[in-house]
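Overview (structure and organization)
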Amino acid sequence: MRAKAKISSGCSTSGRMTRSIGPIVLSNSSNSSLGQSAVYASYLRWSAILAASIASRLMPPTEPGPIPMSKSPVLGMFWSTKESSAMLKPPTRLDGASVMRHLSVPRAQTQHWLELCRTKQWNSSTAGVTNLEDGTNAIPLNELAPREGDPIWEGHPHVDITANVRPKTENWLDHLDEDFVAEHGDELPRSFEIQGDVLIVKLGESIWEYGETMADAMLTQFPHVRLVCGTPFYSGVKGEFRIRELISLASRDGTVSPRTRVRENGYFLWVDPSKVYFSARLSNQRMATLHSSKKLRNKLGRGLVVADPYAGVGPSMASLLKEPGLLSGFLAGDLNPDAVELLKLNIEYFTSRRKDSEGNVAEPLEPSEISCCDAKSWPLDTKNQGVVDLLLVNLPHQSIEHIPALLPLMSRGHTTVLRGWAITERTAISDIESSISEAVLGAGGVVEQLSVHEVKGFSMTKVFVCFEAWMFLSS
Ligand SMILES: C[S@@+](CC[C@H](N)C(=O)[O-])C[C@H]1O[C@@H](n2cnc3c(N)ncnc32)[C@H](O)[C@@H]1O
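Residues numbered from 1 in each chain as written. Predicted model: local features only at pLDDT ≥ 70, side-chain atom pairs only at ≥ 80, totals over all residues. Heavy atoms only, no water.

A tally of regular secondary structure across the protein gives 9 helices and 21 strands. Residues counted as buried form 49% of the 475 residues belonging to the protein. Sequence separation of 24 or more characterises 72% of the internal contacts of the protein that already satisfy a separation of 6 or more. Carbon and sulfur atoms make up 54% of the accessible area of the protein, which amounts to about 22600 Å² in all. (Helix = DSSP H or I, 4+ residues; strand = E, 2+ residues; numbered from the N terminus. Buried < 20%, exposed > 50% of the residue type's maximum accessible area, 1.4 Å probe, protein only. Contact = heavy atoms within 4.5 Å. Areas by Shrake-Rupley, 256 points an atom, 1.4 Å probe, with all protein chains shown as cover.)

Rendered as structure tokens:
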């Protein structure tokens, strides 16, 4: 007799720990309806012992033969013992579906047992939970899981049933219940962001309570994601540090720290989306910064001193430090102390691996300063004045107004470059050009070349632009 199974829609066996955010969470209680299962279990244990003893008499001990495995050898209802005459390894069905050992538990305890199996790495990585008709759930086990009867299972029986093998899917939505998708289709998130092994998704108010279910589906779909975090519907990017509130929804390994490493343009950077601004979308801007820097180095015929006073975790610094022989020194910082912590980690990593243009260990960088401070305070220290060849200004809502205060950092008597990013009204791009020209004039210099170009739209009327000014400040 075959157990009638129905595919579970709410649970998958992707290993993950979850944080409860709503009523969807399965109970963690492990003390309900033990009685009935315990009766089955002890009955089956005795029948299994009996069957084992019959099998041991039937099978010569020295001959290789069927592997004793469990009490219901072929697709049997786990409470039916008529077919359990010997403990033989269950065969693969003729139609290709494979039979797998499962732990049968009351539905309300599914989450608890899933967590235990994942933590111990006893759950199958290829199959999901199966709902059995008697109101229990069957969790697929792998060969590392202890045998039935081990005290760890607290009397819950094992059943051999056809595995609910997850088909290969293209979309995380495929891991959700079809009715749920049909009901909430329009509200389900269409996009998300991945930083390293952290997935960040914005959830609307109407589906916030289902965050864990959706996060679990995402973990199932994306094997390289460790942690799924939600940005709540009530919060957006906030404050001068431009960071979002993140709430962990599901974790593959129980760790809930969003600190992670992202790979960008062939190198790794420490980031933490819960504490520091970082946008992978601007990686092509950093490549363009590298391109302009190389042009300036070629023009000056020597390594450059760069200032990146709004450095965040330092993605621009990383791309410049990685280029052999490009830099001779740097000033880098941020107002956000969490950013500076990661900036230090990233800069230390890249400076310790620096090479000169011949591939030899590079000369120490001079200056070599990392500071947690307001960008406008760098030029107040006289030792920082007149030393910078390339200045990066990335505070898009205020870049233009900060420029005059920063220009005293620029080196004099030769060409230097100011490169930055700003958010402006689409109709006010020419105002940016005038503001930069005026600031350079005010610092006693002339603009040799100036470009302002749109990188992307920001809102209906505003655009995100990149500006680059090549200038000469007289000595
Ligand atoms: C748009 S982010 C740019 C970060 C980084 N340059 C990047 O491309 O990823 C702006 C950064 O400026 C920092 N910031 C804001 N106000 C600042 C100030 N007055 N002085 C220095 N840094 C500031 C923020 O903490 C944030 O990390």
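Structure's up, so let's keep going.
It is worth spelling out the pattern of salt bridges at this point. This structure, assessed with the given rule, holds 10 salt bridges. Put simply, Asp381 and Lys383 hold a salt bridge, and the shortest N to O gap is 3.0 Å. Of the residues examined, Asp381 reaches a relative accessible area of 32% and is grouped as partly exposed. Glu468 is paired through a salt bridge with Arg419; the nearest N and O atoms lie 2.8 Å apart. Within this pair, whereas Glu468 is found in strand E21 (residues 462-473), its partner Arg419 is found in strand E19 (residues 415-425), the two being separated by 49 residues in sequence. Here the two residues Glu468 and Arg419 agree in accessibility, since each one is buried. A single network of salt bridges, built from pairs that share partners, joins Glu369, Asp381 and Lys383. (Salt bridge = Lys/Arg side-chain N within 4 Å of Asp/Glu carboxyl O.)

Turning our attention to the packing of helix H8 (residues 399-406) against helix H9 (residues 429-442). With their axes 9 Å apart at the nearest point, H8 and H9 run at an angle of 10 degrees to one another. In terms of axis orientation, H8 runs roughly parallel to H9. On the side of H8, the interface is formed by Ile400, Ile403 and Pro404, while H9 contributes Ile432, Ser435, Ile436 and Ala439. Each residue belonging to the contact of H8 with H9 can be placed in one class, and the counts come to 6 nonpolar, 1 polar and no charged. (Axes fitted to C-alpha atoms, helices over the stretch in contact; angles between N-to-C directions. Parallel < 35°, antiparallel > 145°, perpendicular 65-115°, else oblique. Nonpolar A, V, L, I, M, F, W, Y, C, P; charged D, E, K, R; others polar.)

This part covers the site of the ligand. Around the ligand sit 18 residues in total, of which Tyr310, Asp334, Leu335, Ala375 and Asn394 are the nearest. In the environment of the ligand, a nitrogen atom lies 3.3 Å from a nitrogen or oxygen atom belonging to the side chain of Asp374. Here the ligand, which alone exposes 590 Å², has 97% of that area covered by the protein. Residues that form the shell around the ligand fall into these classes: 11 nonpolar, 3 polar and 4 charged. (Near = heavy atom within 4 Å. Polar contact = N/O pair within 3.5 Å; in protein donor to acceptor, adjacent residues only side chain to side chain.)

On to the nonpolar core, then. Counting 31 residues, the largest nonpolar core has Val388, Leu391, Leu407, Leu409, Leu418, Ile436 and Met471 as its most contacted members. For this core, the secondary-structure elements that each account for two or more residues are strand E15 (304-308), strand E18 (390-394), H8, E19, H9 and E21. For this core, the leading source of residues is E21, giving 6 residues. Look past the residues within four positions of Leu409 in its chain and what remains in contact with it is Ala307, Leu331, Trp378, Pro379, Asn384, Gln385, Gly386, Val387, Val388 and Leu391. Ranked by size, the runner-up nonpolar core spans 30 residues in total, among them Ala332, Leu342, Leu390 and Trp470. (Core = buried A, V, L, I, M, F, W, Y, C linked by side-chain atoms within 4.5 Å.)

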